[in-house]
Amino acid sequence: MRAFLRRHFILEKSFLYNVLAIAVPIALQNMISFGVAVTDSVMLGSLGDVAISAANLGGQPFSILMSVGFGLSSGGSVLIAQYWGKGDTARIRQVMRISMQVVLCASAAMTALCLALPRQVMMLYSSETQVIDAAAGYLSLVAFSYIPYSVSNNYITSLRAVEKVKIAAVIYGASFFVNVFFNYMFIFGRFGAPALGVRGAAVGTVIARCSELLLVTAYMYRKEDVTGFRFGQCLHLRNDLLRDYVRHSVPVLGNEVLWGVGFSVTAAIIGRIGSVFVTANSIASVLNQLAFVFVLGVANAAAVVTGKTVGAGRMDRVQKTANTLVAMSVVEGVFSCAMILCLRPVFLSLYTVTPAAREAAWQIIGVLAVLHLSLSIDVTCIVGVLRGGGDTRMAFAFDCGALWLVSIPAGLVSGLVLRWPVPLVYVLLKLDSPIKTVLSLLRLKSGKWVRRVTVP
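Thresholds, definitions, all that
Residues numbered from 1 in each chain as written. Predicted model: local features only at pLDDT ≥ 70, side-chain atom pairs only at ≥ 80, totals over all residues. Heavy atoms only, no water. Helix = DSSP H or I, 4+ residues; strand = E, 2+ residues; numbered from the N terminus. Rg over C-alpha atoms; globule rule 2.2 N^0.38 Å. Buried < 20%, exposed > 50% of the residue type's maximum accessible area, 1.4 Å probe, protein only. Contact = heavy atoms within 4.5 Å. Areas by Shrake-Rupley, 256 points an atom, 1.4 Å probe, with all protein chains shown as cover. Lys, Arg positive; Asp, Glu negative; His and termini not counted. Charge placed at Lys NZ, Arg CZ, Asp CG, Glu CD. Phe/Tyr/Trp six-rings, centres within 6.5 Å; stacked < 30°, edge-to-face > 60°. Lys NZ or Arg CZ within 6 Å of the ring centre and 35° of its normal. 1 Å grid on protein atoms, 1.4 Å probe; cavity = no way out; pocket = protein on both sides within 12 Å on 5 of 7 lines; lining within 4 Å. Points joined across faces, edges and corners; volume = space filled by probe spheres on them. Nonpolar A, V, L, I, M, F, W, Y, C, P; charged D, E, K, R; others polar. Patch = residues over 30% accessible without salt bridge, like charges linked within 9 Å, V, L, I, M, F, W, Y side chains within 5 Å. Salt bridge = Lys/Arg side-chain N within 4 Å of Asp/Glu carboxyl O. Axes fitted to C-alpha atoms, helices over the stretch in contact; angles between N-to-C directions. Parallel < 35°, antiparallel > 145°, perpendicular 65-115°, else oblique. Left-handed = near helix turned anticlockwise from the far one by under 90°. Core = buried A, V, L, I, M, F, W, Y, C linked by side-chain atoms within 4.5 Å.

Draft legend 1. Highlighting the overall build of the chain. When helices and strands are counted, the chain shows 17 helices and zero strands. For 456 residues, the compact-globule estimate of 2.2 N^0.38 gives 23 Å, and the chain sits close to it at 21 Å. For the chain, the spread of C-alpha atoms along the principal axes amounts to about 60 × 50 × 35 Å. In the chain, which comprises 456 residues, the share counted as buried stands at 56%. Contacts spanning at least 24 positions in sequence make up 83% of the contacts within the chain whose residues lie at least 6 apart. For the chain, the accessible surface area stands at approximately 18,200 Å², while carbon and sulfur atoms represent 69% of it. The averaged location of the 20 negative side-chain charges in the chain is 6 Å from the averaged location of its 38 positive side-chain charges.

Below, the structure written as structure tokens:
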């Protein structure tokens, strides 16, 4: 048995420590983001169903922007991680410059759209006038946070690929306190500030994102000593690695954009079914984010470790690395499932919502718990191992194909045509995860996913 494990897995404690050294700070960063989400949700929950729904729908354009930014940053990180394995910091700086330039353009375009047409954008997600009005007011303010968020997040994501992960937890930890304080101040009108309700949450978010950018800038110019990247380099237009960046980033970007749009389409389907489903999904989404912090921690660590191993040319360890990371994701999935089920009654007690919304949330959270058994595996494989190994096109095909060819059509028909019960519609909307799990495991077993993306 031990010989079998040695042949197929990496059993050294140093490997486990290395993965955890990357995964834990990332999970902590995501936990801080969860803390912001849950405090926002609880604060707004005291204002009623409309406030929760408005903030949830008003945040959908940001979800698309996050997907775009994550796609562009992760596409660059595929290159950065493998160049990090080779020790080529000059190429790393070039990739970071290209990635930052593209992210700036994308976030500026999204900001302009949401500031110019906030109500029209919100009408895509709901048909209820009261929710649309509140969501448009939220969106017209929170859009000012898009550019500072995108710049900070792009830089922090790039640093992950060179195993600089602790600074992200420090920055987002400080941002957490800024966000909670100003949200409390402007939502409820404390310390002499006006009581803005849902719009107050947007004001707090903008202030928090600006504080993140200030901290990132201070760290970049005073502490960061690995990559040597500076914002001034974004003014340089010569990009020798642009072709490589495009070739490996476009599949990741397409993956994240289509996934983000698909997520918004899912939100629109839920919004068209009714405010009870919107409220229940909003509550369940916050608990999902808590469990997802561990999933993303392992997945991002998998991308860095896999990319570094491939870049260093250690092909004898690549497949064993993938097997070990998948095994870790199975354990993490069981943990997440159990945690969600245990926290469900306590979590629901925090909300003041209608009995119908509470019942729907209880059922959806149960489905969500079971879903994490496959979700942890498919995210680790696609976001982590396949991308880190340079197999970005197949990761794109799996992630978006299952979503757009199965989940969204099933959700549209069951929810808007057949009018099936909310829990069953939710199951069908999430059907892509087990499909992606099977496809990803078959791809890893084939061994055809390993691709060296660096140049001499």
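Draft legend 2. How the structure looks around the environment of V246. Tracing the backbone through its elements, the reader meets V246 in helix α11 (residues 242-273). A relative accessible area of 39% places V246 in the partly exposed class. On a C-alpha basis, the gap between V246 and R97 in space is 13 Å, while along the polypeptide they are 149 residues apart.

Draft legend 3. Region of the structure containing the packing of aromatic side chains. With the rule as written, the count across this model stands at 10 aromatic pairs. Both rings, one in F62 and one in Y149, keep their centres 4.9 Å apart while their planes meet at 70°; by these two values the pair is edge-to-face. Remark: Y149 occurs in helix α8 (residues 146-160) and F62 occurs in helix α4 (residues 60-86); sequence separation between them is 87 residues. Of the two residues, F62 and Y149, neither departs from the other in class, the shared state being buried. Within the aromatic cluster, the residues linked to one another by ring pairs are F181, F182, Y184, F186, F188 and F191. One Lys or Arg, R230, reaches over the ring of Y221 and ends 5.5 Å from the middle of that ring. The lysine or arginine in question, R344, covers the ring of W362, its NZ or CZ lying 3.9 Å from the ring centre.

Draft legend 4. Spatial organisation of the layout of surface pockets. Of the volumes computed, that of the largest pocket is approximately 230 Å³. Along the walls of the largest pocket sit L20, A23, V24, A27, F294, G297, V298, A327, M328, V331 and E332, which together make up its complete lining. Residue assignment for the lining of the largest pocket shows that the elements contributing at least two residues are α2 (13-45), α12 (275-311) and α13 (315-348). Looking at the lining of the largest pocket, its residues break down into nine nonpolar, one polar and one charged. Taken as a whole, the second largest pocket holds about 170 Å³ of empty space. Broken down by secondary-structure element, the contributors of at least two residues to the lining of the second largest pocket are α2, α12 and α13.

Draft legend 5. Geometry of a nonpolar patch on the surface. A contiguous nonpolar patch, built from L412, V413, V417, L418, W420, L424 and V427 and spanning about 580 Å² of accessible area, is present on the exposed surface. Going through the elements one at a time, α15 (392-417) and α16 (422-429) are the ones with two or more residues in the nonpolar patch. Ranked by residue count, the leading element in the nonpolar patch is α15, at three residues. Examined against the element boundaries, L424 turns out to sit in helix α16. Of the residues examined, L424 reaches a relative accessible area of 37% and is grouped as partly exposed.

Draft legend 6. Molecular detail of the pattern of salt bridges. Summed over the entire model, instances satisfying the criterion amount to nine salt bridges. Linking D399 and K436 is a salt bridge whose minimum nitrogen-to-oxygen distance equals 2.6 Å. Taken as a pair, D399 in helix α15 and K436 in helix α17 (residues 432-446) lie far apart in primary sequence, 37 residues in all. The pair D399 / K436 is uniform in exposure class, with both members buried. Two residues, K436 and D432, come together in a salt bridge whose shortest N-O distance is 3.3 Å. With a gap of four residues between them, K436 and D432 both fall in helix α17, about one helical turn apart. Relative accessible area serves as the criterion here: at 4%, K436 is assigned to the buried category.

Draft legend 7. Representation of the packing of helix α7 (residues 129-142) against helix α10 (residues 198-222) within the structure. Packing of α7 against α10 leaves a shortest axis separation of 8 Å and a crossing angle of 15°. Accordingly, the angle class assigned to the pair α7 and α10 is roughly parallel. At the point where α7 passes α10, the crossing takes the right-handed sense. Mapping the contact onto sequence places A134, G137, Y138, S140, L141 and V142 in α7 and V198, R199, A201, A202, V203, T205 and V206 in α10.

Draft legend 8. Region of the structure containing empty space enclosed by the protein. For the structure shown, the criterion picks out three cavities of 30 Å³ or more. Taken as a whole, the second largest cavity holds about 180 Å³ of empty space. Along the wall of the second largest cavity there are 14 residues; nearest its centre are S74, S77, N300, A303 and V383. Listing elements by their share of the lining of the second largest cavity, those giving two or more residues are α4, α8, α12 and α14 (355-388). Considering each element in turn, the lining of the second largest cavity owes the most residues, five residues, to α4. Across the lining of the second largest cavity, the residue classes tally to seven nonpolar, five polar and two charged.

Draft legend 9. Molecular detail of the nonpolar core. M122, Y146 and Y155 are the most contacted members of the largest nonpolar core, which totals 59 residues. Looking at this core element by element, the count peaks at nine residues for α4. Once residues lying within four places of it in the same chain are set aside, the contact partners of M122 are L57, G58, P61, I132, A135, A136 and L139. Formed by 32 residues, the second largest nonpolar core is a distinct cluster that contains I52, A280, C337 and Y426.

As far as function goes, none of this settles anything; it's purely spatial.
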